[in-house]
Amino acid sequence: SGRVDQLAEVAAGMDGWKYVFAKAISLGGGEYGNGIAYNPVTVGEPVSQFTIAFPEAAEPRVCLVLEFEDFVFASTHLDVASPTERVAEVTEITRQMMDRFAGKGKPVFLAGDMNEQPADPAISKLKENWSMSSTNAPTYPSDSPKTCIDIIFLMDNSGKCTVAGAGVGNRFTSGNV
């Protein structure tokens, strides 16, 4: 709220990183949506990008998708109030991602605040076509995490990928997170 430059500040602090932001709504003098920061030196520039907009439920939500030469990365924040809406949102994400990227041979990642725990309905729906690549360690609330709602998935049969490790950052030796 009141800040339209927060993602720009994060990218600027990462020495040469760039970012893309997809607005879902105007809020408190700023914008609310999803963004992706990336290092163009290590991953290159996006070869395509698009936004999946969801029907209004508690509030409009989006999923931002960046396709790079070697992989696809999507960022979302699912509906906060309705399990039914969250299932509809992940169904639409899966449909569009499979339509666009199935058979292309590159890994397809989906990450975000799912507003659900790993055994809840929308996550169970995702697990029909996606594998959970992150840990199920607590991520919410941020000041004293007790439950996992921030999750990274890899679309099944989308491309070869090895997960070298997974964890939740809770101590940092540099920077101000």
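Structure report, in brief. Along each chain, the written sequence defines residue order, and numbers are assigned to residues from 1. Predicted model: local features are reported for residues with pLDDT of at least 70 only, side-chain atom pairs are reported and counted for 80 or more only, and whole-chain, interface and lining totals are derived from all residues. Note that water and hydrogens are dropped before the side-chain values are worked out from all heavy atoms of the structure.

Relative accessibility decides the category of a residue: with a 1.4 Å probe and only protein chains considered, values under 20% of the type maximum give buried, values over 50% give exposed, and everything between is partly exposed. Secondary structure follows DSSP: runs of H or I at least 4 residues long count as helices, runs of E at least 2 residues long count as strands, and numbering of each begins at the N terminus. Where burial is concerned, most of strand S5 (residues 72-77) is hidden: five out of the six residues are buried. By definition, two strands form a pair when at least two bridges between them are found by DSSP. Both strand S4 (residues 62-67) and S5 contribute to a ladder of five bridges, which runs antiparallel. The residue bridging Leu66 from the neighbouring strand is Phe73, located in S5. Hairpin connection from S4 to S5: four residues lie between these consecutive antiparallel strands. Note that S5 and strand S6 (residues 108-113) share six bridges and pair parallel. Across the sheet, Phe73 pairs through a bridge with Phe109, a residue of S6. Seen with the strands pointing away from the viewer, any crossover whose path from the first strand over the helix to the second strand runs clockwise is right-handed. Since S5 and S6 lie parallel, the crossover through helix H3 (residues 83-101) that links them has a hand, and here it is right-handed.

Strands sit in the order S3-S4-S5-S6-S8-S7 across an open sheet of six strands; the sheet is mixed. For this open sheet the edge positions go to strand S3 (48-53) and strand S7 (130-132), each flanked by a neighbour on one side alone. For this sheet, the mean angle separating the axes of adjacent strands, direction not counted, is 20 degrees. The sheet contact formed by S6 and strand S8 (residues 150-155) spans five bridges and is antiparallel. In the sheet register, Phe109 faces S8, and the bridge partner there is Leu154. Contacts between residues were defined by any pair of non-hydrogen atoms, one from each residue, lying within 4.5 Å. Orientation is described by lines fitted to C-alpha atoms, with helices fitted over the stretch in contact, and by angles between N-to-C directions that extend from 0 to 180 degrees. Relative to the sheet, H3 contacts S3, S4, S5, S6, S7 and S8, its axis offset from that of S3 by approximately 155 degrees.

Here the aromatic set is Phe, Tyr and Trp, taking the six-membered ring for Trp, and pairing holds for ring centres within 6.5 Å; pairs whose planes are under 30 degrees apart are stacked, those over 60 apart are edge-to-face, and all others are tilted. If you walk through the whole model with that rule in mind, you get four aromatic pairs. Taking the centre distance of 5.3 Å and the plane angle of 65 degrees together, the rings of Tyr38 and Phe68 count as edge-to-face. On the criterion of sequence distance, the pair formed by Tyr38 in strand S2 (residues 30-38) and Phe68 in the loop between S4 and S5 is long-range, its members being 30 residues apart. By relative accessible area, Tyr38 is classed as buried at 7%. Residue class for Phe68 comes out buried when judged on its relative accessible area of 1%. A centroid spacing of 4.8 Å and a plane angle of 20 degrees characterise the contact between Phe68 and Phe71, whose relative ring orientation is stacked. Chaining the aromatic ring pairs together yields one cluster made of Tyr38, Phe68, Phe71 and Phe109.

What counts as a salt bridge is simple: a side-chain nitrogen of Lys or Arg found within 4 Å of a carboxyl oxygen of Asp or Glu. Per the counting criterion, the structure on display carries seven salt bridges. Two residues, Lys104 and Glu67, come together in a salt bridge whose shortest N-O distance is 3.5 Å. Residue Lys104 is found in the loop between H3 and S6, and its partner Glu67 is found in strand S4; the two are separated by 37 residues along the sequence. A salt bridge links Glu67 to Lys106; its shortest N-O distance comes to 2.9 Å. Of the two residues, Glu67 sits in strand S4 while Lys106 sits in the loop between H3 and S6, which places them 39 residues apart along the sequence. For the pair Glu67 and Lys106, a shared accessibility class is recorded, and that class is buried.

As a further point, take the environment of Glu116. With respect to the element layout, Glu116 can be found in the loop between S6 and helix H4 (121-126). A relative accessible area of 1% places Glu116 in the buried class. Along the chain, Glu116 and Ile52 lie 64 residues apart, while their C-alpha atoms are 20 Å from each other.

Here, the term disulfide refers to a pair of cysteine sulfur atoms separated by no more than 2.5 Å. One pass over the structure, following the stated rule, counts zero disulfides. This cysteine, Cys63, is not joined by any disulfide, and Cys148 carries the nearest cysteine sulfur, 18 Å off.

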